[in-house]
Amino acid sequence: MTLLGILARAMSKAGMAKPSCLVKPVSLTRIPGRYLAHQEGLPKLPVPPLSQTCDRYLAVLEPIMESEELNHTRTLVEEFQRPGGVGERLQQGLERRAQKAENWLSDWWLQTAYLDYRMPVVIHSSPGVVLPRLEFSDRQGQIRYAAKLIAGVLDFKTMIDNETLPVEYLGGKPLCMNQYYRVLSSCRVPGLKRDSVVNYASSKRPPTHITVVHNFQFFVLDVYNSDGTPLTVDQLYLQLEKIWNSSLQTNKEPVGILTSNHRNSWGKAYANLIKGKNSFEDQVTWYDHLQPLLDKTNKDSVRAIQKSIFTVCLDAPMPRVSDDLYRTRAATQMLHGGGSRWNSGNRWFDKTLQFIVGEDGTCGMIYEHAPAEGPPIVALIDHVVEYTKKSDMVRTPMVPLATPQKLRFNISPEIKKDIEEAKQNMNIMVHDLDMNVIVFSYFGKNVPKSYKLSPDAFIQVALQLAYYRMYRRCCATYESASLRMFRLGRTDTIRSASIDSAAFVRAMDDPSIQNSEKVALLEKAVKAHRAYTDMAIRGQAIDRHLLGLKLQAIEDLSALPDIFMDTSYAAANHYNLSTSQVPAKTDCVMCFGPVVPDGYGVCYNPMEEHINFSVSAFNSCADTNASRLAHGLQDALLDLKALLEQTPKARL
Ligand code: COA
Ligand code: HC5
């Protein structure tokens with residue numbers, strides 16, 4: 001941590017106000033605190049001024065739109081914000097909503113970004129995390145590690161339950177901790193048109209079990225002793241061994257693969273699965289007397305998964321690949337499981353937290369995104385990884401424990417058909433995912449810091465350069481910014497393609513421009529990005545505000561205002577680059593899919609001396625290539641460093 005960081009943390013611990021020189025740059029720190037009192041002290045998410053958002057909207061369109069379209073949009077924006085016009089009316093509606101609600105955006109965001117989104121959660125929504133490769137390649141190692149991992153998560157859960165989780169800080173400001181209370185004992189539930197999320201953590205009798213899946217077979221594993229203490233690693237080991245031994249058959253129906261389907265299809269299949277309403281029952285009369293049984297079995301099994309604290313997937317080994325490709329392959333295993341022949345059926349993709357422990361030492365997780373953002377999940381991972389490193393585990397006196405229950409599913413012919421369809425779709429998705437993971441080992445946050453540049457902004461500008469070099473144009477670029485400074489805050493968008501980044505990327509490879517000028521443009525672009533970030537995390541970015549105005553229009557008006565029907569609005573939301581920084585203490589790789597058919601998903605974990613990043617794209621798009629962009633990013637980072645080194649005045 002920088003001296004400034006240490007000072008800022010010490011001062012915030014002492015409850016002292018920071019002089020302005022300490023407000024920036026911001027960094028994330030953790031100090032102990034109590035949940036409820038803390039939450040109430042957090043500010044509410046503001047509604048930015050209408051004219052500010054309109055002006056900034058036009059500015060972000062500049063690098064990505066042609067001037068003719070931009071001129072048209074200018075007239076629409078002017079009309080929208082004219083005094084007494086529709087913009088003002090919507091703004092007032094939004095401000096009223098903000099007064100009444102705890103957070104004017106959070107419910108809308110949950111619905112529009114997640115629950116109404118009908119694409120499969122696999123690749124299109126759920127992120128993956130790859131842990132550093134573990135040193136085992138057999139069943140015993142797998143079970144041992146899974147036992148430690150479960151104990152580590154339960155240790156973290158104790159902090160959540162006791163409300164002793166250290167409060168996090170960003171830029172000296174305390175962050176909303178609500179997401180930590182949303183991820184355990186939680187699950188997404190498919191609907192015919194819209195999904196929902198269930199959470200059992202604060203129910204009268206919170207669950208005491210997890211679910212474990214091996215060879216596509218799900219088990220309920222109670223992880224607490226009757227006195228309320230969590231099972232020890234040794235106890236968990238024995239229980240997992242029992243599970244492993246009672247799921248040796250590899251020919252079971254992968255019922256979990258249903259959760260990977262398009263949400264409407266899965267919604268329909270789900271209704272069949274738990275209600276048993278399908279053609280099979282209508283046709284086969286002798287089956288009628290079994291009907292109540294069928295309903296209950298499937299329903300109870302599904303409920304046991306949904307209620308469970310989390311899921312552990314004991315994966316079969318995947319085909320070996322070279323060390324170079326290992327992380328790329330592991331990333332795909334986390335995101336989709338490798339296809340129906342491999343581990344894709346060894347999942348319940350609706351489950352909020354699924355920890356994956358492969359027999360070949362490939363470990364990580366996949367999480368369903370609706371309830372929470374990456375940072376709380378990664379904080380949990382960091383805790384678990386530290387926990388699993390503790391060597392001397394306590395030996396416990398062995399009391400006999402009940403055998404974990406296998407969850408039964410009655411598979412009607414219709415469900416069987418749904419499973420086959422889900423398998424096919426999954427295999428298409430698997431083939432379509434173009435993934436590339438790179439460990440950029442030349443430098444990390446240290447180099448930009450030594451030039452007094454924000455590392456995140458530096459990486460984003462490098463990415464702009466890499467994209468420009470491939471396509472000779474700038475594209476709408478999304479970077480996640482945390483809104484957790486506000487109560488129930490989720491994210492807003494940092495638009496990394498700016499007027500300044502465009503000026504820099506155009507100049508960088510132009511031999512007629514002097515290096516000193518390039519450095520000046522680089523610094524300007526980096527600073528502009530950092531300024532956008534500051535604005536975003538303070539609730540003053542444009543994207544959630546525009547979304548709010550649009551949703552307010554849907555509620556209040558009979559037609560959408562023209563600015564939302566405009567080509568520029570569609571183009572601005574077509575993110576060819578969808579990116580996110582998720583810093584972790586652990587040397588892990590985070591990944592997610594692109595958000596448009598011709599786009600890239602880029603996730604990076606910048607460490608002090610290296611950067612892990614993943615790039616995803618779709619093979620079905622002829623214009624994209626994950627490996628090319630990943631290598632382009634690597635080159636761009638090296639070129640930026642070389643430019644700064646070669647230009648004597650660059651080091652301030
Ligand atoms: N000179 C020297 N050091 C600087 C600097 C400068 N000009 N600017 C920043 N730094 C330092 C910071 O102090 C920090 O130090 P640390 O390593 O000791 O913590 C470090 O560089 C990183 O700062 P920076 O790269 O600017 O980024 P950030 O940590 O402020 O992160 C965001 C920027 C946008 C990622 C962050 O604000 C955010 O919103 N994070 C959450 C994103 C999220 O939710 N992602 C997942 C979505 S699911
Ligand atoms: C474990 C890493 C998770 C990162 C997930 C993430 O960044 O999700 C973004 C959430 C948001 O609201 O910005 C969405 N995105 C993947 C499309 C960038």
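See above for the structure.
Residues numbered from 1 in each chain as written. Chains lettered and ligands numbered in written order. Predicted model: local features only at pLDDT ≥ 70, side-chain atom pairs only at ≥ 80, totals over all residues. Heavy atoms only, no water.

**So, the site of ligand 2**
Logical step 1: As a matter of local geometry, ligand 2 sits amid 18 residues, with His 369, Tyr 478, Ser 480, Thr 491 and Ser 580 nearest to it.
Logical step 2: At 2.5 Å from an oxygen atom of ligand 2 is found a side-chain nitrogen or oxygen belonging to Tyr 478.
Logical step 3: Within the side chain of Thr 491, one N or O atom sits 2.6 Å away from an oxygen atom of ligand 2.
Logical step 4: Protein chains bury 92% of the 470 Å² of accessible surface belonging to ligand 2 in isolation.
Logical step 5: Element by element, the count of residues in the shell around ligand 2 is highest for strand β16 (residues 577-581), at 3 residues.
Logical step 6: Of the residues belonging to the shell around ligand 2, the class tally is 10 nonpolar, 7 polar and 1 charged. (Near = heavy atom within 4 Å. Polar contact = N/O pair within 3.5 Å; in protein donor to acceptor, adjacent residues only side chain to side chain. Areas by Shrake-Rupley, 256 points an atom, 1.4 Å probe, with all protein chains shown as cover. Helix = DSSP H or I, 4+ residues; strand = E, 2+ residues; numbered from the N terminus. Nonpolar A, V, L, I, M, F, W, Y, C, P; charged D, E, K, R; others polar.)

**Description of the site of ligand 1**
Logical step 1: Neighbouring ligand 1 are 27 residues; Lys 449, Ser 454, Asp 456, Ser 482 and Arg 530 lie closest to it.
Logical step 2: One of the backbone nitrogen or oxygen atoms of Lys 452 is found 2.9 Å away from a nitrogen atom of ligand 1.
Logical step 3: Alone, ligand 1 offers 970 Å² of accessible surface; in the complex the protein occludes 87% of this.
Logical step 4: Where the shell around ligand 1 is concerned, the elements lending two or more residues are α13 (374-389), α16 (455-471), β14 (477-482), α18 (515-537) and β16.
Logical step 5: For the shell around ligand 1, the element with the highest residue contribution is β14, accounting for 4 residues.

**Focus on the sheet that holds β16**
Neighbouring strands of a sheet are bound in pairs by backbone hydrogen bonds; such pairs are parallel or else antiparallel.
Logical step 1: If you trace the 6 strands from one edge of the open sheet to the other, you get β13-β19-β18-β16-β14-β15, paired in mixed fashion. Edge positions in the open sheet fall to β13 (433-440) and β15 (491-495), since each of these has one partner strand only. With direction set aside, neighbouring strand axes in the sheet form an average angle of 20°.
Logical step 2: Looking at chain direction, strand β18 (residues 600-606) and strand β19 (residues 611-618) are connected through 6 bridges and run antiparallel. Each residue of the ladder has a partner; that of Gly 601, found in β19, is Ser 616.
Logical step 3: Sheet strands in contact with helix α12 (residues 323-335) are β13 and β19, and its direction is about 130° off that of β13. (Pairing = 2+ DSSP bridges. Axes fitted to C-alpha atoms, helices over the stretch in contact; angles between N-to-C directions. Contact = heavy atoms within 4.5 Å.)

**Concerning the pattern of salt bridges**
Logical step 1: Evaluated as defined, the whole model comprises 32 salt bridges.
Logical step 2: Asp 195 is the salt-bridge partner of Arg 263, the closest N and O atoms lying 2.7 Å from each other. One end of the pair, Arg 263, is in helix α9 (residues 263-275); the other, Asp 195, is in the loop between β5 (186-189) and β6 (196-199), and 68 residues separate them in sequence.
Logical step 3: Arg 263 gets classed as buried once you look at its relative accessible area, which sits at 0%.
Logical step 4: Classification of Asp 195 by relative accessible area gives buried; the value is 3%.
Logical step 5: Note that Lys 416 and Glu 253 form a salt bridge whose closest N and O atoms lie 2.7 Å from each other. A residue pair is termed long-range when its members are at least 10 positions apart, and Lys 416 in helix α14 (residues 413-432) and Glu 253 in the loop between α8 (233-245) and α9 qualify at 163 residues.
Logical step 6: Accessibility expressed as a relative area gives 33% for Lys 416, which makes it partly exposed.
Logical step 7: A residue is classified by how much of its surface remains accessible, and Glu 253, at 26% relative accessible area, is partly exposed.
Logical step 8: The structure contains a network of salt bridges with shared partners spanning Arg 118, Arg 188, Asp 195, Arg 263, Asp 350 and Glu 368. (Salt bridge = Lys/Arg side-chain N within 4 Å of Asp/Glu carboxyl O. Buried < 20%, exposed > 50% of the residue type's maximum accessible area, 1.4 Å probe, protein only.)

**Let's talk about the sheet that holds strand β7 (residues 209-214)**
Logical step 1: Within the open sheet, the 8 strands sit side by side as β12-β8-β7-β9-β10-β11-β2-β17. Their pairing is mixed. The open sheet is flanked by β12 (405-406) and β17 (589-591), the only strands paired with a single partner.
Logical step 2: Across 4 bridges, β7 lies against strand β9 (residues 311-315) in parallel orientation. In the strand pairing of β9, His 214 is matched with Leu 314.

**Looking at the pairing of β6**
Logical step 1: Here β5 runs beside β6; their pairing, made up of 4 bridges, is antiparallel. Its bridge partner being in β6, Ser 186 is matched across the sheet by Asn 199.

**Topic: the packing of aromatic side chains**
Logical step 1: Inspection of every chain in the model, using the stated rule, returns 14 aromatic pairs.
Logical step 2: With a centroid separation of 6.1 Å and 40° between ring planes, the pair formed by Phe 156 and Tyr 180 is classed as tilted. Here Tyr 180 lies in the loop between β4 (173-174) and β5 and Phe 156 lies in helix α7 (residues 139-161), a separation of 24 residues in the sequence.
Logical step 3: Look at Phe 564 and Tyr 569: their rings are 5.1 Å apart centre to centre, the planes differ by 75°, and that puts the pair in the edge-to-face class. (Phe/Tyr/Trp six-rings, centres within 6.5 Å; stacked < 30°, edge-to-face > 60°.)

**Brief notes about helix α5 (residues 86-100)**
Logical step 1: Here α5 spans 22 Å end to end across 15 residues, near enough to the 21 Å set by a 1.5 Å rise per residue.
Logical step 2: Where α5 is concerned, the buried positions are Gly 87, Leu 90, Gln 91, Gly 93, Leu 94, Arg 97 and Ala 98. Buried residues of α5 fall within an arc of 160° about the axis and therefore sit on the same side. Exposed residues pointing more than 90 degrees away from the buried face of α5 are listed as Gln 99 and Lys 100. (Expected span 1.5 Å × (residues − 1). Arc of directions from axis to C-beta.)

**Notes on the packing of α5 against helix α19 (residues 543-556)**
A pair of packed helices can be characterised by two numbers: the angle between their axes and the separation between those axes.
Logical step 1: Axis separation between α5 and α19 bottoms out at 9 Å; the angle between their running directions is 95°. With respect to α19, the element α5 is oriented roughly perpendicular. Where α5 approaches α19, its residues Gly 87, Arg 89, Leu 90, Gln 91, Gly 93, Leu 94 and Arg 97 are matched on the opposing element by His 545, Gly 548, Leu 549, Gln 552, Ala 553, Glu 555 and Asp 556. (Parallel < 35°, antiparallel > 145°, perpendicular 65-115°, else oblique.)

**Some details on the state of the cysteines**
Disulfides are covalent bonds that connect the sulfur atoms of two cysteines.
Logical step 1: For the structure on display, the rule yields 0 disulfides.
Logical step 2: Not part of a disulfide, Cys 313 finds its nearest cysteine sulfur in Cys 363, a span of 11 Å.
Logical step 3: Look at Cys 313 and you get buried, because its relative accessible area is 0%.
Logical step 4: The exposure class of Cys 363 is buried, given its relative accessible area of 0%. (Disulfide = S-S within 2.5 Å.)

**Topic: the environment of Cys 474**
Logical step 1: Residue position: Cys 474 is located in the loop between α16 and β14.
Logical step 2: For the pair Cys 474 and Met 508, spaced 34 residues apart in the sequence, the C-alpha separation amounts to 14 Å.
Logical step 3: Beyond its immediate sequence surroundings of up to four residues, Cys 474 is in contact with Pro 63, Ile 64, Tyr 467, Tyr 468, Ala 502 and Val 505.

**Concerning the packing of α16 against helix α21 (residues 626-646)**
Logical step 1: Here α16 crosses α21 at 120°, and the two axes come no closer than 8 Å. Classified by the angle between their axes, α16 and α21 sit oblique to one another. Between α16 and α21 lies a crossing whose hand is right-handed. Mapping the contact onto sequence places Phe 458, Ile 459, Ala 462, Leu 463, Leu 465, Ala 466, Tyr 467, Arg 469 and Met 470 in α16 and Arg 628, Leu 629, Gly 632, Leu 633, Asp 635, Ala 636, Leu 637, Asp 639, Leu 640, Lys 641 and Leu 644 in α21.
Logical step 2: In terms of residue class, the contact of α16 with α21 is made up of 14 nonpolar, 1 polar and 5 charged. (Left-handed = near helix turned anticlockwise from the far one by under 90°.)

**Considering the nonpolar core**
Logical step 1: Counting residues in each nonpolar core, the largest one holds 95 residues, and the members touching the most others are Tyr 57, Phe 504, Tyr 600, Phe 613, Leu 629 and Leu 637.
Logical step 2: Top contributing element to this core by residue count: α16, with 11 residues.
Logical step 3: Those residues in contact with Leu 637 that sit more than four places away from it in its chain are Phe 440, Phe 443, Phe 458, Ile 459, Ala 462, Ile 611 and Phe 613. (Core = buried A, V, L, I, M, F, W, Y, C linked by side-chain atoms within 4.5 Å.)

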